[in-house]
Structures are given as structure tokens and as C-alpha cells.
Amino acid sequence: MKASKKIRDAMARVDELRRLTADSPNLASALHAIKSWQSKRFAQTYQDLLESEDYAGCARFFLEELYSERNYSHRDAQFAKVAGAIELTFPENVIAVAVSLAELHATTERLDHAMASCWNHTNNASPSERYLDAWKSVGEPAIRHWQLQTVLHIGQTLAELTQKRGLRLLLKMMRRPAEMAGLGDLQTFLETGFERFGRLTKTDGQATHFLTTIREREMTWLNEQFGATNAGHKAKNAQSDDWAFRALGA
């Protein structure tokens, strides 16, 4: 399948989920709660990186562009619109990152919506307990691990691409045409990602440390949650839940 079609198909799946949410106030409210706790969990887990002079830029890029409550509908529409141009203009490794971003976004939205569907089933529990229960109810360990590996791969590739001066120049040259074509949100996303990771790669080892930290902490989260799930969804693992509540700031 062509890269442009993969990008458009992924954005179409996200758009369909948005339409379903718009038709259901209860689902919309639950989805807002899920994304809010998702963002809070990330902010708590990576508080040290977010407060670090060296790593704050990249950590905030991940938080704001992948895990926030923001509405990305304009950027998604722009992404789908230029999918063909991306396929024709950029080298293979850039195209591969674009496809991975699109598929990661679509997968994350699907899982968030699945969690939102579980949210109201535990309305007598605290918000943190409801979040964890929804997360475990959805499960899908293979997909969760794919999410993490895809994020890490995108981060590693971005770090490598920022070393290519030709790509930096191309992005700058695209700025004015992108704004005139109504593609400003997408252009800002691309330039911000390049700028943040480019700054990180100026010091040897920083990009590796950043991505290794994400891998280790997210693997801890995954292992704790799926360890508890495998032991029985209703049989609470105290150590796992205590760790998860601390990550959520509860």
C-alpha cells in the first residue's frame, strides 16, 4: 500500500472516531477524562524531564503532540491533504516517519475511545481507579507494546534526521507556502519536532538518554499493569496499583 494511502486511511479512522464522539455527549465526556488522566500520568512520570533544562523541550513535545487533550482535527486534515506531496517530496526515512506518526495517532485514538467506553462502568470509583480499570479492561498488550516501540522509533529517527542540513533547509523553505496553503498547524508540528530533537542531539548521548528513559519507565508501566491483569482483573495487585497511582499523582 502506498504511503499516502496509509496516511489518509489513518486520518480517516481518526475522523470517524471524532464523529462518533460528537454524537454522544457521554462518550465525549469520558474521552475528555481519559485524555486528561493520560496527560497527567505522563506529566507525573516525566516530571524530572519536563523540569530539566536539557530535556524539557523534547518531553513537552511528546506531552503536547502525542498525549495532550488538544484537538488535532485541523492538523490531521492538513496531514491527509499533503500525504501525496510527502510521498513525492521527502526521502524514504522521512516518509516512513510520517506513516508511523499517522498510524500511531489512529491507534492511540482507538485505544482512548475503547477506554472511554469503559469509563462509565465504574462511576463509583475515584478518577484514578476508573482510569486504571478502563486501561486494564481494554488490555491489548501487543498493541500497547507496539505503541511504545513506535514512539521510540519515531524519536530515534527524528534525532537522526535533524543531523541532515538539507532537510532543515527544506522545512524552512516550506514555511511560507505552507502558511499560504492553510497548512500552518502541520508545518508548526514538523518544525517544532525538528527544533526540539535537533537541540537534544547537539550534546552526545542526550537523545539516547531521553529515549532510554521513556523506554524504561513505559516498560515498567506496561509490565506492572499487564502483570496485574494476568493475575486476574479483579484481584488487585497492591504493588502495581500503588505504583500506578503514584504515576497518576493520586
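In the block above lies the structure referred to throughout.
Residues numbered from 1 in each chain as written. Predicted model: local features only at pLDDT ≥ 70, side-chain atom pairs only at ≥ 80, totals over all residues. Heavy atoms only, no water.

### Considering the nonpolar core
Item 1. The biggest cluster of nonpolar side chains holds 64 residues, and the ones touching the most others in it are Ile7, Phe62, Tyr131, Phe197 and Phe210.
Item 2. Element by element, the count of residues in this core is highest for helix 7 (residues 92–119), at 14 residues.
Item 3. Ignoring sequence-local partners within four residues, the contact set of Phe210 consists of Leu49, Tyr55, Cys58, Ala59, Phe62, Phe197 and Leu200. (Core = buried A, V, L, I, M, F, W, Y, C linked by side-chain atoms within 4.5 Å. Buried < 20%, exposed > 50% of the residue type's maximum accessible area, 1.4 Å probe, protein only. Helix = DSSP H or I, 4+ residues; strand = E, 2+ residues; numbered from the N terminus. Contact = heavy atoms within 4.5 Å.)

### A look at the side chain of Lys35
Item 1. By the element assignment, Lys35 lies in helix 2 (residues 25–45).
Item 2. Note on Lys35: relative accessible area 13%, which makes it buried.
Item 3. A distance of 2.8 Å separates the side chain of Lys35 from the side chain of Glu109, its partner in a polar contact.
Item 4. Apart from residues no more than four positions distant in its own chain, Lys35 is found in contact with Tyr67, Ser68, Glu69, Glu109 and Asp112. (Polar contact = N/O pair within 3.5 Å; in protein donor to acceptor, adjacent residues only side chain to side chain.)

### Things to note about the environment of Leu132
Item 1. Relative to the helices and strands, Leu132 is located in helix 8 (residues 127–138).
Item 2. A sequence separation of 95 residues divides Leu132 from Trp37, and the C-alpha atoms of the two residues are 9.7 Å apart.

### Looking at the pattern of salt bridges
Opposite charge on two side chains allows them to pair when their charged atoms are near.
Item 1. For the structure shown, the criterion picks out eleven salt bridges.
Item 2. Here Glu218 makes a salt bridge to Arg41, at a shortest N to O gap of 2.8 Å. Of this pair, Glu218 sits in helix 12 (residues 206–230) while Arg41 sits in helix 2, and the two are 177 residues apart along the sequence.
Item 3. The buried category is assigned to Glu218, whose relative accessible area is 10%.
Item 4. Each of Asp15, Glu16 and Arg19 takes part in a single network of salt bridges with overlapping partners. (Salt bridge = Lys/Arg side-chain N within 4 Å of Asp/Glu carboxyl O.)

Spatial relationships are all this shows, so hold off on functional conclusions.
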